[in-house]
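Residues per chain are reported as follows:
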Amino acid sequence: MTTTEHERDRAERSGDERSGDEPDLDERGRDGLGADGLGADAHRRDERGRDGDDDDRARDGDDRARDGDDRARDGDVRARDGDDRGGGQPVSRSSWSRRPTWIDVVAGLALMGLVAVLDLSSPATVAASALAVVTGALVRVDIAQRRLPNVLVLVVLVGTAAGVAVAVGTGDGVPAAWACLLGLVVLVACVPLVHGGGLGAGDAKLASVGVVAASLASPSAPLAWLLAVALLGGVHGITAVVVRRRGTSPAGVTIPLGPVLLAGWWLAVVAASTVLDAS
């Protein structure tokens, strides 16, 4: 073999060795790329997870911020309500309505003077005096809250019961018994109206106790009271519908009946003691 042929053989063997090593290199490269690809995918998933967590935290922060704004607005509204009521601190509606005012005092004194002027019997004077003390407060609370507090109606009940006791003690037990029976009839008649939603429970209690007090004042006072309530209630209802707020349907107008009952009671007692009984 010549030198040239030896060189060619060595070159071919070197080329075969290199070609035999190339698949290993290719496999190592593919393995490396595969590992790198899996690592990159895992890294991207981790980043997406972190981004998702960040987004959730951001949304939670926005929700908390909105809740804080809502609470702040509610606080401002309560503060404005407190300022509108005349003080810097918010005052609950119930406590504001139950506080005695100078109107209650003036109305009570005026009605007590009316009771003193009228020629009423001792039982009627006791019952009418109790009603005079709480008339102003009952009217004010019913206009503000559309309800008659039990504690105020209880004052009328106690005064009327005292009047009945005085009537029994002075020998007028029969008229007092008829007055109590009439009050029971009115209460039973009001029960369906209360359950049907057409009459408030406070109105029913005031009507049943008031008719007893009216009967102690005069036998004709209950009928006069019924006529006065029908007249005043009709006028009050029509006026409330006419001056209702814009956008409110007539069926949605609520009418406080307590002021009508109380005004009708005093008109009926005055009419019965001065006009009806005198004739």
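Fair warning: this is a prediction, and the values are worked out from it, not measured in the lab. (Residues numbered from 1 in each chain as written. Predicted model: local features only at pLDDT ≥ 70, side-chain atom pairs only at ≥ 80, totals over all residues. Heavy atoms only, no water.)

*Asks:* Where do I start with the packing of helix H4 (residues 122-145) against helix H5 (residues 150-169) in this structure?
*Replies:* For any two helices packed against each other, the geometry is given by the interaxial angle and the distance between the axes. Remark: H4 packs on H5, axes separated minimally by 7 Å, with the N-to-C direction vectors making an angle of 175°. In terms of orientation, H4 and H5 fall into the roughly antiparallel class. Contacts from Ser122, Pro123, Val126, Ala127, Ala130, Leu131, Val134, Ala137 and Leu138 in H4 reach Leu152, Val153, Val155, Val156, Gly159, Thr160, Ala162, Gly163, Val166 and Ala167 in H5. (Axes fitted to C-alpha atoms, helices over the stretch in contact; angles between N-to-C directions. Helix = DSSP H or I, 4+ residues; strand = E, 2+ residues; numbered from the N terminus. Parallel < 35°, antiparallel > 145°, perpendicular 65-115°, else oblique. Contact = heavy atoms within 4.5 Å.)

*Asks:* What's the story with unusual backbone geometry in this structure? I'm lost.
*Replies:* A positive phi angle, close to 60°, is found at arginine 146, a residue other than glycine. By relative accessible area, which is 41% here, arginine 146 ends up partly exposed. (Buried < 20%, exposed > 50% of the residue type's maximum accessible area, 1.4 Å probe, protein only.)

*Asks:* What should I look at first to understand the nonpolar core in this one?
*Replies:* Considering soluble globular proteins, one finds that nonpolar side chains tend to be buried as a cluster. In this structure, Leu120, Leu138, Trp225, Trp265 and Trp266 are the most contacted members of the largest nonpolar core, which totals 40 residues. Elements with a contribution of two residues or more to this core: helix H3 (102-117), H4, H5, helix H6 (173-196), helix H7 (201-217), helix H8 (221-242) and helix H9 (258-276). Contacts of tryptophan 266, omitting those with residues within four sequence positions, involve Leu111, Leu114, Val115, Ala128, Leu131, Ala132 and Thr135. (Core = buried A, V, L, I, M, F, W, Y, C linked by side-chain atoms within 4.5 Å.)

*Asks:* Is there a simple way to think about the packing of H3 against H4 in this case?
*Replies:* Look at H3 against H4: their axes get within 8 Å of each other, and the N-to-C directions meet at 155°. Relative to H4, the element H3 is oriented roughly antiparallel. At the point where H3 passes H4, the crossing takes the right-handed sense. Of the residues in H4, those touching H3 at Asp104, Ala107, Gly108, Leu111, Met112 and Val115 are Thr125, Ala128, Ser129, Ala132, Thr135, Gly136, Ala137 and Arg140. A breakdown of the residues in the contact of H3 with H4 according to their chemical character gives seven nonpolar, five polar and two charged. (Left-handed = near helix turned anticlockwise from the far one by under 90°. Nonpolar A, V, L, I, M, F, W, Y, C, P; charged D, E, K, R; others polar.)

*Asks:* So what exactly am I meant to see when it comes to the packing of aromatic side chains here?
*Replies:* Where two aromatic rings form a pair, the distance of their centres and the angle of their planes describe that pair. Taken as a whole and assessed by the stated rule, the structure comprises one aromatic pair. Summarising the aromatic geometry, the rings of tryptophan 265 and tryptophan 266 are spaced 4.9 Å apart at their centres and angled 80° between planes, so their arrangement reads as edge-to-face. With respect to class, tryptophan 265 is no different from tryptophan 266; both count as buried. (Phe/Tyr/Trp six-rings, centres within 6.5 Å; stacked < 30°, edge-to-face > 60°.)

*Asks:* Honestly, H6 in this entry has me stumped. Any pointers?
*Replies:* Since one α-helical turn is 3.6 residues long, residues separated by three or four positions face the same way. Over its 24 residues, H6 runs 36 Å from end to end, which matches the ideal 34 Å to within 8%, given 1.5 Å per residue. Maximal helix bending in H6 amounts to about 30°, located at cysteine 190; proline proline 192 follows within four positions. When H6 is considered as a whole, its buried residues turn out to be Ala176, Ala179, Gly183 and Cys190. Where H6 is buried, its residues meet H5 and H7. (Expected span 1.5 Å × (residues − 1). Bend = angle between axes of the 7 residues up to and from the residue.)

*Asks:* Before we go on, may I ask you to explain the environment of proline 259 in this structure?
*Replies:* Structurally, proline 259 can be placed in helix H9. Its relative accessible area of 18% is what places proline 259 among the buried residues. It is 9.7 Å that separates the C-alpha atoms of proline 259 and valine 141, two residues lying 118 residues apart in sequence. If we skip the residues at most four places from it in the chain, proline 259 touches Val139, Asp142 and Ile143.

*Asks:* Can you help me understand the side chain of serine 129 in this one?
*Replies:* In this structure, serine 129 sits in helix H4. What serine 129 contacts, discounting residues up to four positions off in sequence, is Met112 and Val115.

*Asks:* Just to check I follow, could you spell out the confidence of the model for the protein chain for this structure?
*Replies:* Per-residue pLDDT for the protein chain averages 76, and the proportion of residues at 70 or more is 59%. Taking the mean pLDDT of every element in the protein chain, the minimum, 50, falls on helix H2 (residues 93-98) and the maximum, 96, on H5. In the model, residues 17-39 has pLDDT below 50 throughout and makes zero contacts with residues more than four positions away in sequence or in other chains. Contacts from residues 76-96, a stretch scored under 50 in pLDDT, to residues over four places away or in other chains number 13 contacts. (pLDDT = per-residue confidence, 0-100.)

*Asks:* Help me out: how do you make sense of the side chain of serine 273 in this one?
*Replies:* The residue serine 273 is located in helix H9 in this model. The class for serine 273 is buried, based on a relative accessible area of 19%. Within the local environment of serine 273, its side chain forms a polar contact with the backbone oxygen of valine 270, the two atoms lying 3.3 Å apart. In contact with serine 273, not counting residues within four places along its chain, are Leu118 and Leu120. (Polar contact = N/O pair within 3.5 Å; in protein donor to acceptor, adjacent residues only side chain to side chain.)

*Asks:* Quick question: what am I supposed to make of the environment of proline 123 here?
*Replies:* Among the structural elements, proline 123 can be located in helix H4. Spatially, the C-alpha atom of proline 123 lies 9.0 Å from that of threonine 170, the residues being 47 residues apart in sequence. In this structure, proline 123 is in contact with Gly163, Val166, Ala167 and Leu216, ignoring residues within four places of it in sequence.

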